[in-house]
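Geometric and topological summary
Below are the chains, spelled out letter by letter.
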Amino acid sequence: MEADLLANENKKRARRFRETAVALLNAAKAYQQAAEKLDENDEQASNLAYKKAQIMLEEIVDELPKPLPKHVAVRPEEKPKYEWGWVKYMVPAGIALVILYFLVVGGTTGDLSQGWNVQGDIRNAVRYPK
């Protein structure tokens, strides 16, 4: 059944192509008549033939191929850039916090309360040098 649908669609397309070809031939003949009338210095008849050709082409304008612009330069495709946003600020802050945490846990922060006693250290700190 699907083959019948495709065949029907192909017939419609073939008919549309034939109609386009006939319209193009008629428009070409009208343009030829307009040129001949201009050669005979009959400008009014030439304008009528030209308008007739334009009307024929307007009926099939959707079927005609569209020309590409001549000055279009093809650009290389740009890959989208990843936006870091707030991550670019949080990563260094996180690294700094991890380093500070390990310094505190390791005891290298200069915390004097861990190895300091009141009696001996105060006496040594205020003693007169020898």
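Right, let's walk through the structure included here. Remember, it's a predicted structure, so these values are computed and weren't measured experimentally.

1. Observations regarding the packing of aromatic side chains
For the coordinates displayed, the defined rule picks out 2 aromatic pairs. Both rings, one in Tyr-31 and one in Tyr-50, keep their centres 5.9 Å apart while their planes meet at 65°; by these two values the pair is edge-to-face. In this pair, Tyr-31 sits in helix 1 (residues 2–39) while Tyr-50 sits in helix 2 (residues 43–59), placing the two residues 19 residues apart along the sequence. Taking the relative accessible area as the measure of exposure, Tyr-50 reaches 42% and is therefore partly exposed.

2. Focus on helix 3 (residues 87–106)
Between its terminal C-alpha atoms helix 3 stretches 28 Å, which fits the 28 Å expected from 20 residues at 1.5 Å a residue. Looking at the residues trailing helix 3, positive phi occurs at Gly-107, about 85°.

3. Side note on a negative patch on the surface
Negative charge collects at one region of the surface, where Glu-36, Asp-39, Glu-40, Asp-42 and Glu-43 lie side by side. Among the structural elements, Glu-36 can be located in helix 1. For Glu-36, a relative accessible area of 41% gives the class partly exposed.

What counts as what
Residues numbered from 1 in each chain as written. Predicted model: local features only at pLDDT ≥ 70, side-chain atom pairs only at ≥ 80, totals over all residues. Heavy atoms only, no water. Phe/Tyr/Trp six-rings, centres within 6.5 Å; stacked < 30°, edge-to-face > 60°. Helix = DSSP H or I, 4+ residues; strand = E, 2+ residues; numbered from the N terminus. Buried < 20%, exposed > 50% of the residue type's maximum accessible area, 1.4 Å probe, protein only. Expected span 1.5 Å × (residues − 1). Patch = residues over 30% accessible without salt bridge, like charges linked within 9 Å, V, L, I, M, F, W, Y side chains within 5 Å. Areas by Shrake-Rupley, 256 points an atom, 1.4 Å probe, with all protein chains shown as cover. Salt bridge = Lys/Arg side-chain N within 4 Å of Asp/Glu carboxyl O. Lys, Arg positive; Asp, Glu negative; His and termini not counted. Charge placed at Lys NZ, Arg CZ, Asp CG, Glu CD.

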